[in-house]
Amino acid sequence: MEEYKLRLESYVKANGQPLSKQSQQLYFRNVDNLIKKHGLNWKLKDIASYLKNYSTPHQLNILNAIINFLTIMNYTKQQILPYQNFRDELRLELEQQPQIAPKKQENLSEWDEVLKWRDIVSKQNTLTLQGKGNIPISNLQTELLLHIYTSYPRRNEIADLRYTTDLSSLDENNQEFVNHLIHDVDNKKYYFKFGDYKTNKTYGIQIYPITQENIINLLNIFLEKNNYQEVMFISPKSKEPLSRLNLTKLLQRSSKKHINKSLSTNMIRHAYASQNKDIKNKLEHDADLMAHSVKTHLNVYTV
């Protein structure tokens with residue numbers, strides 16, 4: 001290691017610049033730790049197994065140190081190439097990992113936690129009904145929103161849903177860019193129509209028949225209590241139509257109260273997509289449902 005240390009100090013990079021003291025210390029420390037655990041028997045298979053104990057950025061640091069060591073100690077290009085190829089694979093993997101702000105990291109949730117939150121809210125409303133109490137419409141609204149989001153994990157465009165019984169909205173030629181809950185009263189059916197959302201220029205008008213009995217039952221109760229008003233969702237505090245921003249705040253307050261995590265629509269989408277990331281035959285369905293590409297689905301939402 002003394003020989004490596006001396007060569008590190010005199011090493012000049014391709015641009016003619018010496019390594020910084022910090023880089024020298026980092027390379028030396030990583031190589032020293034590797035030798036203490038594995039000696040100089042650096043079979044790539046064993047190294048790959050060892051690296052799994054660390055985050056991808058730290059794996060790259062170790063691989064850079066290995067490549068530096070092999071280069072400085074005059075190993076052949078053929079001997080160094082497998083480590084360089086492995087490093088390139090890790091770099092690609094790092095680029096594809098979701099970029100989540102540190103403050104959001106602590107609120108990352110499993111899909112089971114999202115379902116738990118939904119079920120707690122539903123149970124509280126059920127207990128109120130069983131006690132013959134009157135459920136505030138704001139409580140029903142939260143329950144309905146959670147049931148919608150756990151079946152249709154959209155962005156916050158759901159805040160803009162407007163109730164209508166006009167079935168012409170279901171016509172494929174009707175290119176009205178609005179978000180509707182369409183009620184086919186005669187056939188007792190409901191449909192979601194999304195036209196005003198972030199990626200509508202790519203995916204166009206999206207219409208989904210609502211087949212989930214739990215959502216249908218909740219819609220029947222909620223709409224009646226809401227007097228079948230066109231504006232479906234109301235901000236509990238201001239009593240104004242629920243904005244997209246206030247939808248996020250509503251969900252964050254509710255999730256903080258019930259599962260001690262502040263979840264926005266985006267975090268719900270992360271949880272939903274992550275649970276299905278290994279199920280190949282669901283990728284296209286989920287990407288369409290969430291109104292983004294399969295590439296975006298894999299690179300941004302799967303965690």
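Anyway, here's the lowdown on the structure attached to this text.

**Here we look at the pairing of strand β2 (residues 179-184)**
Part 1: The buried count for β2 comes to six of six residues, which makes it a mostly enclosed element.
Part 2: Going residue by residue along β2, you find Asn179, Leu181 and His183 tucked away on one face and His180, Ile182 and Asp184 tucked away on the opposite face as well.
Part 3: Summarising the sheet, strand β1 (residues 162-164) and β2 pair through three bridges and their orientation is parallel. Paired with Thr164 across the two strands is Ile182, which belongs to β2.

**Side note on the packing of helix α8 (residues 137-149) against helix α11 (residues 244-259)**
Part 1: Close contact between α8 and α11 brings their axes to 11 Å; oriented N to C, the two are set at 95°. The orientation of α8 with respect to α11, classified from their angle, is roughly perpendicular. Facing Gln141, Thr142, Leu145, Leu146 and Tyr149 of α8, the residues of α11 in contact are Leu247, Leu250, Leu251 and Ser254.
Part 2: Its residues placed into classes, the contact of α8 with α11 shows six nonpolar, three polar and no charged.

**Structural notes on the environment of Ser138**
Part 1: If you trace the backbone, Ser138 turns up in helix α8.
Part 2: A relative accessible area of 27% means that Ser138 is categorised as partly exposed.

**Examining α11**
Part 1: With 16 residues, α11 extends 22 Å from end C-alpha to end C-alpha; this agrees with the ideal 22 Å at 1.5 Å per step.
Part 2: Those residues of α11 that fall on the buried side of the exposure criterion are Leu247, Thr248, Leu250, Leu251, Ser254, Ser255, His258 and Ile259. Projected onto a plane normal to the axis of α11, the buried residues spread over an arc of 160° and lie on a single side. Away from its buried face by more than 90 degrees, α11 exposes Leu245 and Lys257.
Part 3: Once α11 ends, the next one or two residues include Asn260, with phi positive near 60°.

Conventions adopted
Residues numbered from 1 in each chain as written. Predicted model: local features only at pLDDT ≥ 70, side-chain atom pairs only at ≥ 80, totals over all residues. Heavy atoms only, no water. Buried < 20%, exposed > 50% of the residue type's maximum accessible area, 1.4 Å probe, protein only. Helix = DSSP H or I, 4+ residues; strand = E, 2+ residues; numbered from the N terminus. Pairing = 2+ DSSP bridges. Axes fitted to C-alpha atoms, helices over the stretch in contact; angles between N-to-C directions. Parallel < 35°, antiparallel > 145°, perpendicular 65-115°, else oblique. Contact = heavy atoms within 4.5 Å. Nonpolar A, V, L, I, M, F, W, Y, C, P; charged D, E, K, R; others polar. Expected span 1.5 Å × (residues − 1). Arc of directions from axis to C-beta.

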